[in-house]
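Take a look at the letters that make up each chain.
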Amino acid sequence: MAFTMDKPVYNRIKAVLAEKGKTNNWLADELDMNTNTISKWCRNDMQPRVETLFQIAKALDVDVRELLVSTK
């Protein structure tokens, strides 16, 4: 797990969105969710449920493991 100024980073949603050239608003529309929720995930202030991670992976056309920080 990576740390940014003492805050643990568990997901890579922000990075994968950037890699795919997508925005928080785009993901919010795809998942029919609030943009504030997406922003919290991107800042790692909050984590999505496992089921939601799979929905995000599908929307971004990536393996769900790409959305998580590696432990190895």
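Residues numbered from 1 in each chain as written. Predicted model: local features only at pLDDT ≥ 70, side-chain atom pairs only at ≥ 80, totals over all residues. Heavy atoms only, no water.

As annotated in an unreviewed UniProt entry, the protein is Helix-turn-helix transcriptional regulator from Flagellimonas iocasae.

### Observations regarding the overall build of the protein
As a reminder of what qualifies: Secondary structure elements are taken from DSSP: a helix is a run of H or I of four residues or more, a strand is a run of E of two residues or more, and numbering for both begins at the N terminus. The globule rule used here is 2.2 Å times the number of residues to the 0.38 power, and the radius of gyration it is set against is calculated over C-alpha atoms. The buried label goes to any residue with under 20% of its type's maximum accessible area, the exposed label to any with over 50%, and the partly exposed label to all in between, with areas taken from a 1.4 Å probe on protein chains only. Contacts are assigned to residue pairs that have any heavy atoms within 4.5 Å of one another. To measure how exposed things are, a 1.4 Å probe is used in the Shrake-Rupley method; for residues, cover is taken only from the protein chains shown. Residues counted as positive are Lys and Arg, residues counted as negative are Asp and Glu, and His and the chain ends are not counted. To locate a charge, take NZ of a lysine, CZ of an arginine, CG of an aspartate or CD of a glutamate.
Counting secondary structure elements, the protein contains 4 helices and 2 strands. In the protein, the succession of α and β elements from N to C terminus is β-β-α-α-α-α. For 72 residues, the compact-globule formula gives about 11 Å, and the C-alpha radius of gyration of the protein, at 11 Å, lands near that figure. With respect to the three principal axes, the spread of C-alpha positions in the protein is 30 × 25 × 25 Å. Looking at the protein as a whole, 31% of its 72 residues qualify as buried. Partitioning the intrachain contacts of the protein with sequence separation of at least 6 by distance along the chain shows that 56% fall at a separation of at least 24. Summing over all exposed atoms, the protein offers an accessible surface of approximately 5000 Å²; the carbon and sulfur share of this is 51%. Mean positive and mean negative side-chain charge positions of the protein (11 and 10 charges, respectively) differ by 3 Å.

### A word on the packing of helix H2 (residues 24–31) against helix H4 (residues 50–60)
Put simply, the rule reads: Every axis corresponds to a line fitted to the C-alpha atoms, with the helix fit spanning only the stretch in contact, and the corresponding angles, defined between N-to-C directions, vary from 0 to 180 degrees. Angles are sorted into four bins: roughly parallel if under 35 degrees, roughly antiparallel if over 145, roughly perpendicular if 65 to 115, and oblique for all others. Whether a crossing is left-handed or right-handed is set by the direction in which the near helix is turned from the far one by less than a right angle, anticlockwise for left-handed and clockwise for right-handed.
Interaxial distance between H2 and H4 falls to 10 Å at its minimum, and their mutual angle equals 115°. In terms of orientation, H2 lies roughly perpendicular with respect to H4. The two elements H2 and H4 cross, and the hand of that crossing is right-handed. Listed contacts from H4 to Trp26, Leu27, Glu30 and Leu31 of H2 are Gln55, Ile56, Ala59 and Leu60.

### Re the packing of H2 against helix H3 (residues 35–42)
Rule in force here: Residue polarity is assigned by list, with Asp, Glu, Lys and Arg as charged and Ala, Val, Leu, Ile, Met, Phe, Trp, Tyr, Cys and Pro as nonpolar; anything else, Gly included, falls into the polar class.
At a closest axis distance of 9 Å, the pairing of H2 and H3 adopts a crossing angle of 120°. Viewed along their axes, H2 and H3 adopt a mutual orientation that is oblique. Between H2 and H3 lies a crossing whose hand is right-handed. Along the contact surface, H2 presents Asn24, Asn25, Leu27, Ala28 and Leu31, while H3 presents Thr35, Ile38, Ser39, Trp41 and Cys42. Broken down by class, the residue content of the contact of H2 with H3 amounts to 6 nonpolar, 4 polar and no charged.

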